[in-house]
Amino acid sequence: MVEAAVCPLNSSAAASTSREVPLRCEHLYLAKPAFLAKILGLALAILSLDARDSSVAHAQAPVLTGVIHSTEGDVQGVVADGVAKFLGIPYAAPPVGELRWQPPRDAAHWTQTLQATRFGSTCAQPQRGVFSAPSDAEDCLYLNVFAPGSTPAEPAKRPVMVWFYGGGLFSGESNDYDGSKLARRGDVVVVTLNYRVGALGFLSHPAINAEGHPFANYGIMDQQLALKWVQRNIAAFGGDPDNVTIFGQSGGGTAVMANLQSPLSKGLFHRAINQSGTRIAVTPPATALKAGQDFAAAAGCADQSAKCLRSLSVEQVLANQAPILRYVTEFPSVDGSVITHPAFEAFSKGLFNHVPIMTGLVRDEQAYFLPEPNTRKPLTEGDFDRYAASFGTEHKETLLKRYPLASYPSPSLAEIAMAQGAKACTARLLDQQWSKYVPVYAYQFEDRTAPSYFPEVSYPMRAYHTAELQYLFPLFRGGQGTSHPLSDAQDRLSDVMVDYWTTFARHGTPDHAGAQAFATWPRYSAETDNVQSLDIPGPSTVDGYGKANDCSLWDAILSFQ
């Protein structure tokens, strides 16, 4: 080798160090030409890789939206896959301290542009199986906006769809629901939001109730405040405040029905979609009050005072909320302000907000609720027997005769069949009441090939409760499950469903003339008892829903009077 002395072209790096480095010549060893060519080739390859890495990094860098001017302050989000996403926008003041168990207050205004690029905290809830997101946060009242394009334009006036998550009103989070496909394909603005759940969202207690404000149904009040935020602000995101659809699944479906019934929601929405919401049993106010007192005693508030209750830590609230959870999954308790009548009474007498309703179930609802996905223990014959008795010991033998265990491969599939009759006939009862006053469009999701985000179980999950969500919100995984991509055939069904949902949001009917090139969906009629079957290879209208689900039997068993 030949040693040559060269001087550095730039000594700024040395000069910038904390200790003094003398300017001097460094040594470079020059190799033979052939070896040097190999070295240069390797260097060029490394530079090429660096350039590609830089390009990938640049492509993956978040692209910011333009600044949106909301009533409370300026907001800037991110753009992904042709959708502008504004995440973690506060719509209410944090319900902490003296604001715990108070109606939500408007969020404070801000002066700096809010970088709405992350979801807000999940509302406080414990770990409860796959479908939960454990959190100890009370500061959680945030919403998210998904709008087509890179920066929404105010004159666009797109239909608005506001989503209430499921979770039995004791769990759930907005983070699980990506509204991008609905926004992009349906040309709508989607809003998802967090609301208080469990004891923090639905406590009825004498000391709190006596303070002179609306009480008990704080989670529903959160939703109503978010709907007021939509009325003030959604035009700035390209949405139409005069065309708002509320939609939700399971506990979110219960929330949709609560807002349908609540006089405080009047004028805040114009259509409603209820997915798998069949909880309309009455929780007497006295039952809710007694549960609140039991909760206070268990949490250590012997004096049953509001001061003690508000001084409890979040951990103490969550650890002792079992008395509240015994009733919170049912229809919210009548409080005289937010909820003024029991659900069936309100709906049968027309005492609800008269808007078009789309509503339905999945085919195998109970597959989700069996204990095995969380406990890993298959259902036994004794479990099935007790389930039949849960409808009343006087009906047990009738049900066991109609759903004989010997007719099913396992107790799990027998219970799924029995539960479907109860749920389908409850849904049909609601269809019959609502359709006296407003247009109703009923469906049943039938795709039994739907991917499961649960661990493997001994029975086929099939069209289980929540299965349809991944067709509306891509890669939905139920909080902590494992998501799976849809097949090509499932993707086509997803497209059809998104078209139905967003067409309903736009026109108040999923069957608007010229809106789509798929099967028509007629309005529900009690005479034909028709539902839209959502299945592969495509949707179809099926009459005689009650007959198919033995509703002549179930109508005599179920009582919501």
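What you are looking at is a predicted structure, and each value in this text was computed from that prediction instead of being measured. (Residues numbered from 1 in each chain as written. Predicted model: local features only at pLDDT ≥ 70, side-chain atom pairs only at ≥ 80, totals over all residues. Heavy atoms only, no water.)

Participant: Can you break down the overall build of the protein residue by residue, with the values?
Facilitator: Looking only at helices and strands, the protein has 20 helices and 17 strands in total. Evaluated residue by residue, the protein yields a buried proportion of 55% over its 561 residues. (Helix = DSSP H or I, 4+ residues; strand = E, 2+ residues; numbered from the N terminus. Buried < 20%, exposed > 50% of the residue type's maximum accessible area, 1.4 Å probe, protein only.)

Participant: Describe the state of the cysteines, with residues and values.
Facilitator: In the structure shown here, the tally under the stated rule is three disulfides. One disulfide in the model links Cys-301 with Cys-308; its S-S distance is 2.1 Å. Residues Cys-301 and Cys-308 share a disulfide whose torsion about the S-S bond is about -90°; that sign makes it left-handed. Here Cys-301 and Cys-308 have matching classes, each one buried. The disulfide partner of Cys-425 is Cys-551, and the gap between their sulfur atoms is 2.1 Å. (Disulfide = S-S within 2.5 Å.)

Participant: Give me the lowdown on empty space enclosed by the protein, citing residues and values where you can.
Facilitator: Counting across every chain of the model gives four cavities of 30 Å³ or more. Here the largest cavity is characterised by a volume of approximately 70 Å³. Around the largest cavity, the lining residues are Leu-169, Phe-202, Ser-204, Ala-216, Asn-217, Ala-288, Tyr-327, Val-328, Glu-330, Phe-331, Pro-332 and Ser-333. Across the lining of the largest cavity, the residue classes break down as eight nonpolar, three polar and one charged. (1 Å grid on protein atoms, 1.4 Å probe; cavity = no way out; pocket = protein on both sides within 12 Å on 5 of 7 lines; lining within 4 Å. Points joined across faces, edges and corners; volume = space filled by probe spheres on them. Nonpolar A, V, L, I, M, F, W, Y, C, P; charged D, E, K, R; others polar.)

Participant: Can you lay out the sheet that holds strand 7 (residues 83–90) for me, pointing to particular residues and giving the numbers?
Facilitator: Spatially, 3-6-7-9-11-10-12-13-14-15-16-17 is the arrangement adopted by the twelve strands of the open sheet, whose pairing is mixed. Because the sheet does not close on itself, it has two edges, and the strands there are strand 3 (63–64) and strand 17 (540–542). Its contacts with the sheet place helix 6 (residues 218–233) against strand 7, strand 9 (142–148), strand 10 (158–164), strand 11 (189–193) and strand 12 (239–249), and it is angled at close to 155° to strand 12. Together, strand 10, strand 12, strand 13 (271–275), strand 14 (357–362), strand 15 (440–445) and strand 16 (531–534) form the strand contacts of helix 18 (residues 488–507), whose direction differs from that of strand 13 by roughly 145°. (Pairing = 2+ DSSP bridges. Contact = heavy atoms within 4.5 Å. Axes fitted to C-alpha atoms, helices over the stretch in contact; angles between N-to-C directions.)

Participant: Go over the pattern of salt bridges, please, and point to the residues and values.
Facilitator: Counted under the stated rule, the structure contains 22 salt bridges. The shortest N-O distance in the salt bridge between Asp-187 and Arg-158 comes to 2.6 Å. Remark: Arg-158 occurs in strand 10 and Asp-187 occurs in the loop between helix 3 (180–186) and strand 11; sequence separation between them is 29 residues. According to the relative accessible area criterion, Asp-187 is partly exposed, its value standing at 33%. As a salt-bridge pair, Glu-330 and Arg-279 come within 2.9 Å of each other at their nearest N and O atoms. In this pair, Glu-330 is assigned in the loop between helix 11 (322–328) and helix 12 (343–348) and Arg-279 in the loop between strand 13 and helix 8 (285–299), connecting sequence segments 51 residues apart. What makes Arg-279 partly exposed here is its relative accessible area of 34%. Beyond isolated ion pairs, a larger network of salt bridges with shared partners links Lys-181, Arg-185, Asp-495 and Asp-499. (Salt bridge = Lys/Arg side-chain N within 4 Å of Asp/Glu carboxyl O.)

Participant: Before we move on, can you summarise the sheet that holds strand 4 (residues 68–69) with the specific residues and values?
Facilitator: Read across the open sheet, the three strands follow the order 4-5-8; overall the sheet is mixed. Across the chains shown, the open sheet's two edge strands, defined by having one partner strand only, are strand 4 and strand 8 (114–115). The pairing of strand 4 with strand 5 (residues 74–76) spans two bridges and is antiparallel. Among the inter-strand pairings, Ile-68 is bridged to a residue of strand 5, identified as Val-75.

Participant: Give a detailed account of the layout of surface pockets, specifying residues and quantitative values.
Facilitator: Considered as a void within the structure, the largest pocket measures approximately 1,200 Å³ in volume. Around the largest pocket, the lining comprises 43 residues; the ones closest to its centre are Arg-279, Thr-329, Gln-366, Phe-369 and Lys-423. Elements that contribute at least two residues to the lining of the largest pocket include exactly helix 7 (251–261), helix 11, helix 13 (372–375) and helix 16 (411–434). If you tally residues by element for the lining of the largest pocket, the top one is helix 16, at four residues. A breakdown of the residues in the lining of the largest pocket according to their chemical character gives 18 nonpolar, 19 polar and six charged. Put simply, the second largest pocket is a space of about 430 Å³. In terms of lining, the second largest pocket is formed by 23 residues, of which the most central are Arg-363, Gln-420, Arg-448, Ala-548 and Asn-549. If you list the elements that add at least two residues to the lining of the second largest pocket, you get helix 16, strand 16 and helix 19 (545–548).

Participant: So, the side chain of Asp-222: which residues are in play, and what are the values?
Facilitator: Inspection of the secondary structure puts Asp-222 in helix 6. We classify Asp-222 as buried; its relative accessible area is 0%. At 2.8 Å, the side chain of Asp-222 and the side chain of Arg-196 are in polar contact. The contacts of Asp-222, once residues within four sequence positions are left out, are Tyr-91, Pro-104, Leu-141, Tyr-195 and Arg-196. (Polar contact = N/O pair within 3.5 Å; in protein donor to acceptor, adjacent residues only side chain to side chain.)

Participant: Provide a residue-level description of helix 6, including the pertinent values.
Facilitator: With 16 residues, helix 6 should reach 22 Å at 1.5 Å per residue; the first-to-last C-alpha distance of 22 Å fits that figure. By the criterion of burial, helix 6 is predominantly enclosed, with 13 of the 16 residues buried. (Expected span 1.5 Å × (residues − 1).)

Participant: Give a description of the packing of helix 14 (residues 381–389) against helix 15 (residues 393–402) that names residues and reports values.
Facilitator: Running from N to C, helix 14 and helix 15 cross one another at 125°; their axes reach a closest spacing of 7 Å. It follows from the interaxial angle that helix 14 and helix 15 lie oblique. Here Phe-384, Asp-385, Ala-388 and Ala-389 of helix 14 come into contact with helix 15, specifically with Thr-393, Lys-396, Leu-399 and Leu-400. Each residue belonging to the contact of helix 14 with helix 15 can be placed in one class, and the counts come to five nonpolar, one polar and two charged. (Parallel < 35°, antiparallel > 145°, perpendicular 65-115°, else oblique.)

Participant: Give me the lowdown on the packing of aromatic side chains, citing residues and values where you can.
Facilitator: If you walk through the whole model with that rule in mind, you get 28 aromatic pairs. When the ring of Phe-347 is compared with that of Phe-352, the centres are 5.7 Å apart and the planes differ by 80°; the resulting orientation is edge-to-face. Summarising the burial analysis for this pair, Phe-347 and Phe-352 share the class buried. An aromatic cluster is built from Trp-163, Tyr-177, Phe-247, Tyr-368, Phe-369, Tyr-453, Phe-454, Tyr-464, Phe-473 and Phe-476, whose rings are joined through pairwise contacts. (Phe/Tyr/Trp six-rings, centres within 6.5 Å; stacked < 30°, edge-to-face > 60°.)

Participant: Account for the environment of Glu-345, with residues named and values stated.
Facilitator: Relative to the helices and strands, Glu-345 resides in helix 12. By relative accessible area, which is 28% here, Glu-345 ends up partly exposed. A sequence separation of 65 residues divides Glu-345 from Ile-280, and the C-alpha atoms of the two residues are 10.0 Å apart.

Participant: With reference to specific residues and values, describe the pairing of strand 12.
Facilitator: The element strand 12 is extensively covered by neighbouring structure, given that ten of its eleven residues are classed as buried. In terms of strand pairing, strand 10 meets strand 12 through six bridges, oriented parallel. Bridged to Trp-163 within strand 12 is Phe-247. Across five bridges, the pairing between strand 12 and strand 13 is parallel.

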